[in-house]
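Residues per chain are reported as follows:
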Amino acid sequence: VQLVESGGGLVQAGGSLRLSCAVSGRIFSVALMGWYRQAPGKQRELVATIKTGGSADYADSVKGRFTIGRDNASNTVYLQMNSLKPEDTARYYCKGIYSDVEGGSPMDCWGKGTLVTVSS
């Protein structure tokens, strides 16, 4: 199973970016998908998660600015980031919790990350 992120880049403060993450491989179901980020010298932190049914959770720091969405048919998760701030600069990682067979135990998988840089 692989998760591949795309959509990172350099943007000015106040701008927008859209990240995508596609899950591929032997998958029966993906229960939860999410985005995390890690800035230089800091711990990885949760940005947003979304369950199969569509319920989403956000870090307080991104509420009202970021929107997470998913396409269950293609096992793809998106992160629309608006009103970006310099403090949003980080490597953004996609995470999936999935089962490879019906009734199988859930497993974690992470992507390699995509870099987002917000200039002031």
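Preceding this paragraph is the structure being described.
Remember, it's a predicted structure, so these values are computed and weren't measured experimentally. (Residues numbered from 1 in each chain as written. Predicted model: local features only at pLDDT ≥ 70, side-chain atom pairs only at ≥ 80, totals over all residues. Heavy atoms only, no water.)

1. Topic: the state of the cysteines
Under the definition given, this model contains one disulfide. Note on cysteine connectivity: Cys21 is disulfide-linked to Cys94, with sulfurs 2.1 Å apart. Given an S-S torsion of about -85°, the disulfide between Cys21 and Cys94 has left-handed geometry. Residue Cys21 is located in strand β3 (residues 17-24), and its partner Cys94 is located in strand β9 (residues 90-99); the two are separated by 73 residues in the primary sequence. Like Cys21, the residue Cys94 is buried in the burial classification. Cys109 takes part in no disulfide bond, and the closest cysteine sulfur, belonging to Cys94, lies 8.5 Å away. (Disulfide = S-S within 2.5 Å. Helix = DSSP H or I, 4+ residues; strand = E, 2+ residues; numbered from the N terminus. Buried < 20%, exposed > 50% of the residue type's maximum accessible area, 1.4 Å probe, protein only.)

2. Some thoughts on the nonpolar core
Formed by 28 residues in total, the largest nonpolar core has its most connected members in Trp35, Val47, Phe66, Val77, Leu79, Met81 and Tyr92. Secondary structure elements with two or more residues in this core: β3, β4 (29-38), β5 (45-51), β7 (66-71), β8 (76-81), β9 and β11 (114-119). (Core = buried A, V, L, I, M, F, W, Y, C linked by side-chain atoms within 4.5 Å.)

3. Things to note about the pattern of salt bridges
All told, the structure shown has five salt bridges when counted by the stated rule. When the shortest N-O distance is used, the salt bridge between Asp88 and Arg65 registers 2.7 Å. Note that Asp88 is positioned in the loop between β8 and β9 and Arg65 in the loop between β6 (56-58) and β7, a separation of 23 residues in sequence. The exposure classification of Asp88 matches that of Arg65, with both residues buried. Salt-bridge contacts for Lys95 lead to Asp108; the nearest nitrogen and oxygen are separated by 3.7 Å. With Lys95 in strand β9 and Asp108 in strand β10 (residues 107-110), this pair connects stretches of sequence that are 13 residues apart. Each member of the salt-bridge network shares a partner with another, and the members are Arg37, Glu45, Arg65 and Asp88. (Salt bridge = Lys/Arg side-chain N within 4 Å of Asp/Glu carboxyl O.)

4. Topic: the pairing of β9
Burial analysis of β9 places eight of its 10 residues in the buried class, which makes it a mostly covered element. In this sheet, β11 lies alongside β9 in antiparallel orientation, the contact comprising three bridges. Bridge pairing in β11 links Arg91 to Leu115. As paired strands, β9 and β10 are joined by four bridges and run antiparallel to one another. (Pairing = 2+ DSSP bridges.)

5. Observations concerning the sheet that holds β8
Sheet strands pair via backbone hydrogen bonds, and the direction of the pair is either parallel or antiparallel. Here four strands make up an open sheet; going across it, the order is β1-β3-β8-β7 and the pairing antiparallel. Single-partner strands in this sheet number two, and they are β1 (2-6) and β7. Mean inter-strand twist for the sheet, computed between neighbouring axes without regard to direction, equals 15°. One ladder, built from five bridges, connects β1 with β3; its direction is antiparallel. From the neighbouring strand, Glu5 faces β3, where its bridge partner is Cys21. (Axes fitted to C-alpha atoms, helices over the stretch in contact; angles between N-to-C directions.)

Geometry only, nothing functional implied.
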